[in-house]
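Understanding the architecture of this molecule
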Amino acid sequence: MSDGLKGPVGAGGSGFDFVYLPGTEPQFTPRGDSRPRNYALVNQLTWRHDSRRPGAFSSERTFSSLTPSPSHTLPPTCLLLQFGNSWAMRASEAGPPLSARALSPSGNTEVLVQEGKARGFRESGPASTAPRYPVASDYKGPDAVQSLSLHPVLVTRTLLPALCPGLAMAPTLPLLLALVALVIPGPGGAQVSIHPIEAFLPMGASMQVNCSSSCTENLNLGLETQWPKREVESGLRWKLFELSDIEEDSKPLCFETCGSIQSSASATILLYSFPERVELGPLPTWQQVGKNLTLRCLVDGGTPRHQLSVILLRGEEVLYRQPVDVDPKNPKEITATVLVNRDDHEANFSCRTELDLTQHGLPLFTNVSMTRQLRAFDLPVTIPKLDTPDLLEVGTKQKVLCSLEGLFPASEAQISLELGGHTLTSKTTNHRDLVSAMALVEVTAELEGTQQLLCVLDLADQTLRAERILSIYSFPAPALTQSQPNVSEGSQVTVSCEASGGAQVVNLTDVQSGPPSPKVQYTLTATAQDNKRRFSCSAALDVAGQVLFKTRTLELQVLYGPYLNESDCPTNLFWKVGTWETLKCEARGNPPPTVNCSRKGDGALLPIRVMKSVTWAMNGTYVCHAESSRGIVTRDVFLTTQRPTLP
């Protein structure tokens, strides 16, 4: 420790209770007293759990055991051991060397400190809870073992009697309780502990309870409980018990007699159980729409009741939620009233209990009753809905749909479709309060003109009708043609667009707009640029006040070429020996021509678009031929090979 932590603290007139916490700056607590406060430096041994580093314990640090203020005599040495949030203490002879042993609160770990150094620890509990390790001066254990470290804690001298009962100083119990909030050990540092301190179990379960003590003389250790128990295993200062058939909340008690001193520690056992019965009462055979329906749910059993709720459901929709009474022995009936509407027909109703144990680290447990289905009825007077276009084209197939919502029960309804006095073959669907009929109509020339579409629905003694007047028409797409099938470059060609069935041509590509007419033509002299030129023709037809359009397209094919010019195939080529080059020689034409190049004299071929390593032997004049069904053209290509450029 640095010099600044020695001597009386509170030079400015303020006192303190707790001055230093390991790993932090010194902390001061004003006491409202101008007198200087004495302090002491106490060795603290901390038992830590470290799952990240194997062999965490290797501490060999040494600290002076107690540093008093200069004006006081050196008191006996005190060793302070911390296990998690629990404390175990030992007082030794005055001054170093410091030597002590202590048990962890669970009773299965023994800590050895000698000569002011943390020397090792061993696990001495049951094999089911902790493996056994020998004491070692430099312990290296497996992963996830406990680790030890030794570091100083600076406390006021007024706290020392409470922290170290072996010292002859006045106790300060309130300050100790404020500091550690734990059971004060008996004389000599003896302390009884119980593990686990709190358990949350299903009703009828079993559990193990560990009673341990730090007593070193004449120890009598036991467990008091109302449930059947048996001793599973025991050690020097610990016993492991198994409790079975636990049926109620209870508080088992670990007790010890250490010499003539008795002490005890208790745990809390809380139980939970699921309801034995969750039942939804019967529903009426039929329930009229617009009337109230009373739902009844009976719940028997389940604990803890303050965490048990009942939910009334329509499908997965929550209608009502209410906590259950505290007394788990009395069955509880939960009631709720709902106003029935048409959506409730054939709806499933149920009730569900929720036991919320999430605050105890357990999930939310649910229990659902058997579902009951409600049948609701209503007889509204409505008009069927016809869903189909008003215009039908000859040669097409058209879907015709008639539907009606609001009938209860819809499964009793009969629905049919008629067109022009003939019954259509239809597919009928009944779903909740909706009934529908769908037919696929094949529109023929015999139906051309105006026709009546009729939908008839019968339910009980009621007949509902819906009708619509349809216009059935014929409208072929316009005919778009060219005067000759094969158009050669330089010849004339005429593109014609002709409508039929009363339709009129309204547009042809590159023809100036004029009044609609049944036929429109366009004549041109074909060039190579006209190849793959697209023409479009649109026709219009008036049907029952609606103007309909149809369009057809044509791609012009012009025969031309072949062409092989300078841009397609360069005349002069200069290639350096040793480099890689490719001959680019392309021809144009329709149909597409083929191209090959051979050297004059010996006929050696020079491949096109193939990478070649340039040699002296490739030098020469090549003749490139472009050939198609329209003819052949040639072009001379002069290839000069040159000496490579020196680096």
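This text gives an overview of the structure that appears in the document. Only a predicted model underlies this, so the values are computations on that prediction, with no experimental measurement involved.

1. Considerations on the overall build of the protein
A count of helical and extended segments in the protein gives 2 helices and 50 strands. In the protein, buried positions account for 43% of the 647 residues. Across the protein, every contact between residues at least 6 apart in sequence was considered, and the portion connecting residues at least 24 apart equals 60%. For the protein, the exposed area adds up to about 34000 Å²; of that, 50% sits on carbon and sulfur atoms.

2. Thoughts on the sheet that holds strand β39 (residues 504-508)
What links the strands of a sheet is backbone hydrogen bonding, and the strands pair in either a parallel or an antiparallel sense. A sheet is described by the order of its strands in space; here 3 strands give the open sequence β39-β41-β42, paired in antiparallel fashion. Edge positions in the open sheet fall to β39 and β42 (546-556), since each of these has one partner strand only. Looking at each pair of strands side by side, their axes are set apart by 25° on average, direction ignored. The pairing of strand β41 (residues 533-543) with β42 spans 11 bridges and is antiparallel. The residue of β42 that forms the bridge with L541 is L548.

3. Some thoughts on the packing of aromatic side chains
The full count for this structure, using the stated rule, is 6 aromatic pairs. On the numbers, 4.9 Å between centres and 50° between planes, the contact of F274 with F365 is tilted. Note that F274 is positioned in strand β17 (residues 268-280) and F365 in strand β24 (residues 364-368), a separation of 91 residues in sequence. F274 sits in the partly exposed class, given a relative accessible area of 42%. On the numbers, 6.1 Å between centres and 45° between planes, the contact of Y522 with F535 is tilted. A residue pair is termed long-range when its members are at least 10 positions apart, and Y522 in strand β40 (residues 519-525) and F535 in strand β41 qualify at 13 residues. For Y522, a relative accessible area of 22% gives the class partly exposed.

4. Quick notes on the environment of R296
Tracing the sequence through the fold places R296 in strand β19 (residues 292-303). Taking the C-alpha atoms as reference points, R296 and E279, 17 residues apart in sequence, are found 8.3 Å from one another. Leave out the neighbours within four places in its chain, and R296 touches E279, L280, G281, E333, I334 and T335.

5. A word on the nonpolar core
Residues L417 and L457 are the most contacted members of the largest nonpolar core, which totals 25 residues. Of all elements in the fold, only β29 (397-405), β30 (414-419), β33 (434-442), β34 (449-459) and β35 (462-473) reach the threshold of two or more residues within this core. Those residues in contact with L417 that sit more than four places away from it in its chain are L386, V400, C402, H422, T423, L424, S426, A437, M438, A439, L454 and C455.

6. Details of unusual backbone geometry
Note that the residue after H195, namely P196, is joined by a cis bond; omega there is 0°. Tracing the sequence through the fold places P196 in the loop between β9 (192-195) and β10 (198-202). Across the junction of N590 and P591, the peptide omega takes the value 10°, indicating a cis bond. Tracing the backbone shows P591 in the loop between β46 (588-590) and β47 (594-599). One non-glycine residue, E346, lies in the positive phi region at around 65°. Note on placement: E346 falls in the loop between β22 (332-339) and β23 (348-356). Owing to a relative accessible area of 41%, E346 belongs among the partly exposed residues under this scheme. Its identity is not glycine, yet R609 carries a phi of approximately 60°, on the positive side. Looking at the secondary structure, you find R609 in the loop between β47 and β48 (612-613). Note on R609: relative accessible area 54%, which makes it exposed.

7. A short note on the side chain of R635
Mapped onto the elements of the fold, R635 is located in strand β50 (residues 631-642). When its relative accessible area of 18% is taken as the criterion, R635 is described as buried. Of the polar contacts made by the side chain of R635, one reaches the backbone oxygen of C569; its length is 2.8 Å. A distance of 2.7 Å separates a polar atom in the side chain of R635 from a polar atom in the side chain of T571. Other than its neighbours up to four places away in sequence, R635 contacts L564, N565, E566, C569, T571, Y622, V623 and C624.

8. So, a negative patch on the surface
Together, D245, E247, E248 and D249 make up a region of like negative charge exposed at the surface. Tracing the sequence through the fold places E247 in the loop between β14 (238-243) and β15 (253-258).

9. Things to note about the environment of V577
Mapping V577 onto the fold places it in the loop between β44 (572-576) and β45 (580-581). In this structure the C-alpha to C-alpha distance between V577 and R643, which are 66 residues apart in sequence, comes to 5.9 Å. Residues within four places of V577 in sequence aside, it is in contact with V614, T615, W616, T641, Q642 and P644.

10. Some details on the pattern of salt bridges
With the rule as written, the count across this model stands at 17 salt bridges. Residue R342 pairs with D378 through a salt bridge whose shortest N-O separation is 3.2 Å. Note that R342 is positioned in the loop between β22 and β23 and D378 in the loop between β26 (376-377) and β27 (385-387), a separation of 36 residues in sequence. By relative accessible area, which is 23% here, D378 ends up partly exposed. For the salt bridge of R609 with E586, the shortest nitrogen-to-oxygen distance reads 2.5 Å. Taken as a pair, R609 in the loop between β47 and β48 and E586 in the loop between β45 and β46 lie far apart in primary sequence, 23 residues in all. A network of salt bridges, in which partner residues are shared, links R314, E317 and D344.

Conventions we followed
- Residues numbered from 1 in each chain as written.
- Predicted model: local features only at pLDDT ≥ 70, side-chain atom pairs only at ≥ 80, totals over all residues.
- Heavy atoms only, no water.
- Helix = DSSP H or I, 4+ residues; strand = E, 2+ residues; numbered from the N terminus.
- Buried < 20%, exposed > 50% of the residue type's maximum accessible area, 1.4 Å probe, protein only.
- Contact = heavy atoms within 4.5 Å.
- Areas by Shrake-Rupley, 256 points an atom, 1.4 Å probe, with all protein chains shown as cover.
- Pairing = 2+ DSSP bridges.
- Axes fitted to C-alpha atoms, helices over the stretch in contact; angles between N-to-C directions.
- Phe/Tyr/Trp six-rings, centres within 6.5 Å; stacked < 30°, edge-to-face > 60°.
- Core = buried A, V, L, I, M, F, W, Y, C linked by side-chain atoms within 4.5 Å.
- Polar contact = N/O pair within 3.5 Å; in protein donor to acceptor, adjacent residues only side chain to side chain.
- Patch = residues over 30% accessible without salt bridge, like charges linked within 9 Å, V, L, I, M, F, W, Y side chains within 5 Å.
- Salt bridge = Lys/Arg side-chain N within 4 Å of Asp/Glu carboxyl O.
- Lys, Arg positive; Asp, Glu negative; His and termini not counted.
- Charge placed at Lys NZ, Arg CZ, Asp CG, Glu CD.

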